Amino acid sequence: DVKVTQSSRYLVKRTGEKVFLECVQDMDHENMFWYRQDPGLGLRLIYFSYDVKMKEKGDIPEGYSVSREKKERFSLILESASTNQTSMYLCASSSGGHESYEQYFGPGTRLTVT
Amino acid sequence: QQQVKQSPQSLIVQKGGISIINCAYENTAFDYFPWYQQFPGKGPALLIAIRPDVSEKKEGRFTISFNKSAKQFSLHIMDSQPGDSATYFCAASTKGWYSGAGSYQLTFGKGTKLSVIP
């Protein structure tokens, strides 16, 4: 089974702190994604990566950056956390081959910024 | 601009009834239409998916109906059970090309919270 793990299930940070969310997948997938999930807004793509050290902005990249130094690990960074970044953050991965549409999600990190 | 519109936001169905969730899309380049199911405290997981070359796909109690001309697709859950209570997301995908590498992205609807009552 594909396994996508996220470093924390719950995280509480203060405004202005630098926050790192880590995601690891064990299926040698090329593609990795970061979404945030908010009630009534569904899943919105923040950033994705299609290869090591490669990244592309999603729909809502403002206030976030990402890092992918190894194929299995994709980090989301909040440079200076703000209260409007309180949300559920979901990481996903998918293979890079033909027909590689299916994304496998981690359990999510619920981040609260106070 | 929301590219995939999902309705209703919430749905309450009696056990044994049929649950129907609808989605509409705008981008005719979409070529893959999955439904994801999310239980509380878990990440979404693929439930069923369809390509635009077929009008219907059935897996057990779950059926996707697809209308290409209307740019609409729907999820039907037959004989709904309390264990089906979850949030359901429709999505649509197309392949983008970035620096020569292909990558499939999903555009999600806003989700439908389904409650099946005994």
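Here the structure is a predicted model, which is why all the values come from computation and not from measurement. (Residues numbered from 1 in each chain as written. Chains lettered and ligands numbered in written order. Predicted model: local features only at pLDDT ≥ 70, side-chain atom pairs only at ≥ 80, totals over all residues. Heavy atoms only, no water.)

1. Comments concerning the pattern of salt bridges
Then, number 1: Tallied over the full model, the rule gives eight salt bridges over all chains.
Then, number 2: For the salt bridge of E30(A) with K71(A), the shortest nitrogen-to-oxygen distance reads 3.1 Å. Highlighted residues: E30(A) in the loop between β3 (19-25) and β4 (31-38) and K71(A) in the loop between β7 (64-70) and β8 (73-78), separated in sequence by 41 residues.
Then, number 3: Classification of E30(A) as partly exposed rests on a relative accessible area of 28%.
Then, number 4: Residue E59(B) is joined to K57(B) by a salt bridge in which the shortest nitrogen-to-oxygen separation is 3.7 Å.
Then, number 5: Its relative accessible area of 37% is what places E59(B) among the partly exposed residues. (Salt bridge = Lys/Arg side-chain N within 4 Å of Asp/Glu carboxyl O. Helix = DSSP H or I, 4+ residues; strand = E, 2+ residues; numbered from the N terminus. Buried < 20%, exposed > 50% of the residue type's maximum accessible area, 1.4 Å probe, protein only.)

2. Points about the nonpolar core
Then, number 1: Grouped together as the largest cluster of nonpolar side chains are 24 residues, with contacts concentrated most on F33(B), W35(B), F73(B), L75(B) and Y88(B).
Then, number 2: The set of elements that each furnish at least two residues to this core consists of β2 (10-14), β3 (19-25), β4 (33-38), β5 (45-50), β7 (62-67), β8 (72-77), β9 (86-98) and β11 (112-117) of chain B.
Then, number 3: The biggest single contributor to this core is β9(B), with four residues.
Then, number 4: Grouped together as the second largest cluster of nonpolar side chains are 20 residues, V19(A), M32(A), W34(A) and V66(A) included. (Core = buried A, V, L, I, M, F, W, Y, C linked by side-chain atoms within 4.5 Å.)

3. Some points on the sheet that holds β8(B)
Note on sheets: strands pair through backbone hydrogen bonds, and any given pair is parallel or antiparallel.
Residues and elements named next belong to chain B.
Then, number 1: Spatially, the five strands line up as an open sheet ordered β1-β3-β8-β7-β6, and their pairing is antiparallel. With partners counted over all chains shown, the strands left at the sheet margins are β1 (4-7) and β6 (56-59), one partner each. Neighbour-to-neighbour, the strand axes of this sheet turn through a mean angle of 15 degrees, independent of strand direction.
Then, number 2: When β1 meets β3, the two strands line up antiparallel, connected through four bridges. Counted as the bridge partner of Q6 is C23 from β3. (Pairing = 2+ DSSP bridges. Axes fitted to C-alpha atoms, helices over the stretch in contact; angles between N-to-C directions.)

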